[in-house]
Amino acid sequence: MRLITHNMLKCHVRNCTDPDKQFPLRFENAELEQIEAERNDEFLVRMIPRLDWPALVKTATALGIALPASIPETPSEDDDFLQKLHTTILETHVKEGSMFCDGCGHEYKITNGIPNMLLAEHEI
Amino acid sequence: MKDPVPDTLQLGEADKEEQYVHSVYNEIASHFSDTRFKPWPVIERYLKGLPSGSIGADVGCGNGKYLGVRTGDVFMMGTDRSESLVDICQQRKFECMVSDGLDLPYRDSAFDFAISIAVIHHFSSPERRLQAAKELLRIIRPGGTVLVFAWALEQNGRRKFDPNMQDVLVPWVVPKSRKQGKGDEEEEREDKVYHRYYHLFREGELPALFEGLDRCTILEQGYDKDNWYVIARKDRL
């Protein structure tokens, strides 16, 4: 699972509704893998508004990846920023591990790069 | 194709889907995947019309047929209820997760668009189909659109459905020549038949499902490849 995907996720357990806690889901025992991908700057710049930037920074920091706390004024002209963004969201994969919700404690497992986001009967 | 039979199963909604949708897809995944390769024109047109840099969700992505249509240009992630089908997506290097369409793991308004192709007809009650539609609309941003395809009761091709039977079990035949199931058994000398639950949509039923939602406008509706389809927009406030 790439970090861009993780940025779209939230905990969806019933009654777990605090937006400050539902996402980003917190990684534990994450095994990372870097897989090169072709960079497309137009694509990156246009995608920025869809990212929850604070959540991305929080997640990256926890994984030991450095990202600026805020997005530059003109990202399209900042090669260094675009490269960091590209590497972080598109080239960093979580192969194994768990994602925990800080709100309700639910654990979502990732196996072979695939997160299992199913809930138990009582959690829906 | 073998004829569909009426759904007279005395099962709760979740159980019906578990036995006649989820388990079946897990069993037939590889055969099913081999038959799902040619993107349908309306869907291709929709995906090719999206602006570069769009990010979208494919709900019920199956074998990932649509996830790679605009790789590098439009980012898509898929969810499917079938672990076996998601495994196939993973092998094809797509972003995919195991998830239920009734309860998506995405934050509100996260995506520019969503597609759900031949999925909503597997939910076994009007309430569940409505819930699936609500989830699709929830996850797209205001101004974003969703494309949904569902099997039509009224068919022009080889399949012919009884006009009085909307809830049916449709056979899927895995030929005896294929290795079947998930085990190592080799001695399969017969075709194996599975049944999948479908609610076949009448003309007008799919648009009505979306028209009933708040902040939703139908942009396009039609019939293509034996399916009814809609393109609906989440309106800005």
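Preceding block: the structure.
What counts, and at which threshold
- Along each chain, the written sequence defines residue order, and numbers are assigned to residues from 1.
- Just so you know, chain letters begin at A and ligand numbers begin at 1, following the order they were written in.
- Local features in a predicted model are, by the rule used here, given only for residues with pLDDT of at least 70; side-chain atom pairs are given and counted only at 80 or more, and totals for whole chains, interfaces and linings are based on all residues.
- In computing side-chain properties, one takes all heavy atoms of the structure into account and sets aside hydrogens as well as water.
- Secondary structure elements are defined from DSSP: runs of H or I of at least 4 residues count as helices, runs of E of at least 2 residues count as strands, and each element is numbered from the N terminus.
- Every radius of gyration here is taken over C-alpha atoms, with the globule rule written as 2.2 Å times N^0.38, N being the number of residues.
- For each residue, the accessible area found with a 1.4 Å probe, counting protein chains only, is set against the maximum for its type, and the residue is called buried under 20%, exposed over 50%, and partly exposed in between.
- Throughout, a contact is declared for two residues whenever any of their heavy atoms are within 4.5 Å.
- Every accessible area reported is derived by Shrake-Rupley at a probe size of 1.4 Å, with residue values counting cover from the shown protein chains alone.
- Residues counted as positive are Lys and Arg, residues counted as negative are Asp and Glu, and His and the chain ends are not counted.
- By convention, the point assigned to a charge is CZ for Arg, NZ for Lys, CD for Glu and CG for Asp.
- A pocket here means an open set of points on a 1 Å grid, computed over the protein atoms alone, that has protein on both sides within 12 Å along at least five of seven lines. A cavity is instead a set of points where a 1.4 Å probe fits but cannot get out; residues with an atom within 4 Å of a point line either one.
- Grid points are joined across faces, edges and corners, and a volume is the space filled by probe spheres set on the points.
- Classes in brief: Ala, Val, Leu, Ile, Met, Phe, Trp, Tyr, Cys and Pro nonpolar; Asp, Glu, Lys and Arg charged; the others, Gly included, polar.
- A simple way to read buried area is as the amount of 1.4 Å-probe accessible surface that goes missing from two parts once joined, with both sides added.
- Between Lys or Arg on one side and Asp or Glu on the other, a salt bridge is scored when a side-chain nitrogen of the former is within 4 Å of a carboxyl oxygen of the latter.
- Whenever a nitrogen or oxygen atom comes within 3.5 Å of another N or O atom, the pair is scored as a polar contact, on the condition that within protein one atom can donate a hydrogen and the other can accept it, and that pairs from neighbouring residues in sequence are kept only if both atoms are in side chains.
- Strands are treated as partners if at least two bridges between them are detected by DSSP.
- Each axis is a line fitted through C-alpha atoms, and for a helix only the stretch in contact is used; angles between axes span 0 to 180 degrees, taken between their N-to-C directions.
- In plain words, nonpolar cores are sets of buried Ala, Val, Leu, Ile, Met, Phe, Trp, Tyr and Cys residues tied together by side-chain atoms within 4.5 Å.

1. Describing the overall build of chain A
When helices and strands are counted, chain A shows 5 helices and 4 strands. In sequence order, chain A lays out its α and β elements as α-α-β-α-α-α-β-β-β. In terms of C-alpha radius of gyration, chain A reaches 15 Å, essentially the compact-globule figure of 14 Å for 124 residues. With the C-alpha coordinates aligned to their principal axes, the bounding extent of chain A is approximately 50 × 30 × 20 Å. Within chain A, the fraction of its 124 residues that count as buried is 49%. Looking at chain A alone, contacts between residues at least 24 apart form 67% of all its contacts between residues at least 6 apart. Total accessible area computed for chain A in this model is approximately 6200 Å², and 47% of it derives from carbon and sulfur atoms. Charge-centre separation for chain A: the mean point of 12 positive side chains lies 6 Å from the mean point of 21 negative side chains.

2. Things to note about the overall build of chain B
When helices and strands are tallied, chain B shows 5 helices and 10 strands. Whereas a compact globule of 237 residues would reach a radius of gyration of roughly 18 Å, chain B reaches 18 Å, a difference of no more than 12%. On the principal axes, the C-alpha backbone points of chain B span a range of 60 × 40 × 30 Å. Residue burial in chain B is summarised as follows: out of 237 residues, 57% are buried. Put simply, of all contacts in chain B between residues at least 6 apart along the chain, 69% involve residues at least 24 apart. Taken as two groups, the 33 positive and 39 negative side-chain charges of chain B have centres that lie 5 Å from each other.

3. What to know about the layout of surface pockets
For the largest pocket, the calculated volume is near 1200 Å³. Taken together, 49 residues make up the lining of the largest pocket; nearest its centre are Phe 32, Arg 36, Ala 118, Trp 151 and Arg 196 of chain B. Among the elements of the structure, helix H1 (13-35), strand S2 (55-59), strand S3 (75-80), strand S7 (167-174) and strand S8 (192-199) of chain B are those that each provide at least two residues to the lining of the largest pocket. No other element matches the 7 residues that H1 of chain B contributes to the lining of the largest pocket. Residues that form the lining of the largest pocket fall into these classes: 22 nonpolar, 14 polar and 13 charged. Within this model, the second largest pocket holds a volume of roughly 630 Å³. Around the second largest pocket, the lining is made up of 27 residues, and of these Arg 2, Leu 90 and His 93 of chain A together with Phe 75 and Lys 93 of chain B lie nearest the centre.

4. Focus: the interface of chain B and chain A
Each partner contributes residues to the interface: chain B has 34 residues there, and chain A has 29 residues. Overall, the association of chain B and chain A removes approximately 2500 Å² of surface from exposure, summing both partners, and the carbon and sulfur fraction of that is 57%. Here chain B is connected to chain A by 3 salt bridges. Across the salt bridge formed by Asp 108 of chain B and Lys 10 of chain A, the nearest N and O atoms sit 3.4 Å from each other. Remark: the boundary between chain B and chain A carries 14 residue pairs in polar contact (both at pLDDT 80 or more). Those elements giving two or more residues to the side of chain B that touches chain A turn out to be S3, helix H3 (83-91), strand S4 (95-98) and strand S5 (111-117) of chain B.

5. Side note on the sheet that holds strand S9 (residues 216-224) of chain B
Pairing between the strands of a sheet is mediated by backbone hydrogen bonds and can be parallel or antiparallel. All names here are of chain B. Taken in spatial order, the 7 strands of this open sheet run S4-S3-S2-S5-S6-S10-S9, and their pairing is mixed. Two strands lie at the open edges of the sheet, namely S4 and S9, each paired on one side alone. Mean inter-strand twist for the sheet, computed between neighbouring axes without regard to direction, equals 15 degrees. Bridge count between strand S6 (residues 140-151) and strand S10 (residues 227-234): 7 bridges; the pairing is antiparallel. Pairing of Trp 151 across the sheet is with Asn 227, part of S10.

6. Focus: the pattern of salt bridges
Pairing between side chains becomes possible if they bear opposite charge and their charged atoms approach one another. Tallied over the full model, the rule gives 23 salt bridges over all chains. By sharing partners, the salt bridges in this structure join Lys 10 of chain A together with Asp 108, Glu 135 and Arg 138 of chain B into a single network.

7. Digging into the environment of Glu 123 of chain A
All names here are of chain A. Here Glu 123 shows up in the segment after strand S4 (114-115). Sequence-distant contacts of Glu 123, that is, excluding residues within four places in its chain, are made with His 12, Val 13, Arg 14 and His 106. Side-chain polar atoms of Glu 123 contact the side chain of His 106, separated by 2.7 Å. Here Ala 120 takes part through its backbone nitrogen, which lies 2.8 Å from a polar atom of the side chain of Glu 123.

8. Let's talk about the nonpolar core
Grouped together as the largest cluster of nonpolar side chains are 69 residues, with contacts concentrated most on Tyr 106, Phe 111, Ile 120, Leu 206 and Phe 210 of chain B. Of all the elements, helix H5 (residues 79-91) of chain A adds the most residues to this core, at 5 residues. When neighbours within four sequence positions are excluded, Ile 120 of chain B is seen to be in contact with Arg 129, Ala 132, Ala 133, Val 148, Phe 149, Ala 150, Phe 201, Leu 206 and Leu 209 of chain B.

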